[in-house]
Every structure is written in structure tokens, then in C-alpha cells.
Amino acid sequence: MQVQIVGFPWFTRETFPVLRAMCEDGNKLHRTYDEWLRAAETGSKSFEAKGCKVFRVNLDPEQFPKWCKAQGLKLDSNGRSRYASFVAAQLATGGGLSSTVQ
């Protein structure tokens, strides 16, 4: 049986305002961390309910922009999703990066 791996972009209370400000679509994110957290927990649980293995990937304000730049991606929802998917794939295949996952 195969398990689908999902990388879910995750903020911490400390990094949320920093990343919200730096992302091109930051104005589309929730206004507060608590609002975002409620929505994110619901979203990640819905993937888990479908049988997916969810990796909550912390978005580091230093590493995330560097990775996006190297990949030619914008700091937006696509960049966040692609970064989380990349980290989840690395973890799923034993590639490390455990400090970025909750």
C-alpha cells in the first residue's frame, strides 16, 4: 500500500509576521497567527483523514527565501507549497532536514 506524502507549509508564532510581510501574497494570508493556525490545523487534519502522511514544514525566514531564489520561484503560495513538498520528499526518502518539520 502506498501512502501519499504531503508537505504542509507551517509557520511558528514568531515567524508568521515576518514571513507574512516578506511574501508577495502576504496580504492574502490570515491577519493573525491564531487565525492561520486554526485554518492550518483543519487543513492538515483533512489530509490526514484521507490517509496522507503530512509533514508540517516550518518556513524559516532565512532558508525559505534562499531556496525560492535558487529555484526561480516567488515568495508566494506556490513557493511555500513547492518548498514544503521538497522538504517532505527529502524526509520521506531519508534526505534529512528534520529541523524544519514539526
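Residue numbers run consecutively from 1 along every chain, following the written order of its sequence. Restriction of local features to residues with pLDDT of at least 70 applies here, the model being predicted, together with a cutoff of 80 or more for giving and counting side-chain atom pairs; totals for whole chains, interfaces and linings are based on all residues. Hydrogen atoms and water are omitted, and side-chain values are computed over all heavy atoms in the structure.

### Some points on the overall build of the protein chain
Note the cut-off: Put simply, DSSP H or I for four residues or longer makes a helix, DSSP E for two residues or longer makes a strand, and each gets a number counted from the N terminus. Two things to know: the radius of gyration comes from C-alpha atoms, and the globule rule equals 2.2 Å times the number of residues to the power 0.38. Partly exposed residues are those whose accessible area sits between 20% and 50% of the maximum for their type, while under 20% is buried and over 50% is exposed, using a 1.4 Å probe and protein chains only. Working rule for contacts: check all heavy atoms of both residues, and any pair within 4.5 Å makes them a contact. Residue burial considers only the protein chains on display, and all accessible areas are found by Shrake-Rupley using a 1.4 Å probe.
Scanning the protein chain for helices and strands turns up four helices and two strands. When the helices and strands of the protein chain are listed from N to C terminus, the series reads β-α-α-β-α-α. Over its C-alpha atoms the protein chain spans a radius of gyration of 13 Å, differing by no more than 12% from the 13 Å that the globule rule assigns to 102 residues. Residue burial in the protein chain is summarised as follows: out of 102 residues, 39% are buried. Restricting to contacts in the protein chain with at least 6 residues of sequence separation, those with at least 24 account for 64%. Summed over all atoms, the accessible surface of the protein chain reaches about 6300 Å², with 50% contributed by carbon and sulfur.

### Some points on the confidence of the model for the protein chain
As a reminder, the rule being used: Residue-level confidence of the predictor is summarised by pLDDT, bounded by 0 at the bottom and 100 at the top.
Summing up the model confidence of the protein chain, the mean pLDDT is 91 and the portion of residues at 70 or higher is 91%. Confidence, read as mean pLDDT per element, is least for helix α4 (residues 77-92) in the protein chain (94) and greatest for helix α1 (residues 16-22) (97).

### What about helix α3 (residues 63-71)?
What counts, and what does not: By arc we mean the arc of the directions from the helix axis to the C-beta atoms, nothing more.
The complete set of buried residues in α3 reads Phe64, Pro65, Trp67 and Cys68. Down the axis of α3, the buried set is contained in an arc of 160 degrees. They therefore lie on one face. Across from the buried face of α3, at angles greater than 90 degrees, the exposed residues are Lys66, Lys69 and Ala70. On its buried side, α3 packs onto α1 and α4. A positive phi of about 75 degrees marks Gly72, the residue just after α3.

### Comments concerning the pairing of strand β1 (residues 5-10)
The side chains of a regular strand alternate between the sheet's two faces. Quick reminder of the rule: A pair of strands is considered paired only if DSSP assigns at least 2 bridges between the two.
Within β1, five of the six residues are buried, leaving the element largely enclosed by the surrounding structure. Sheet analysis places β1 next to strand β2 (residues 53-58), joined by six bridges and oriented parallel. Considered in β2, the bridge of Val6 is made with Val54.

### Focus: the packing of aromatic side chains
Quick reminder of the rule: Pairing of aromatic rings covers Phe, Tyr and Trp, the last through its six-membered ring, and needs centres within 6.5 Å; plane angles under 30 degrees mean stacked, over 60 mean edge-to-face, and all others mean tilted.
Counted under the stated rule, the structure contains 11 aromatic pairs. Where Trp10 meets Trp36, the ring centres are 5.0 Å apart and the plane angle is 70 degrees; that geometry is what we call edge-to-face. One end of the pair, Trp10, is in strand β1; the other, Trp36, is in helix α2 (residues 33-49), with 26 residues separating them in the sequence. Of the two residues examined, Trp10 and Trp36, each falls in the buried class.

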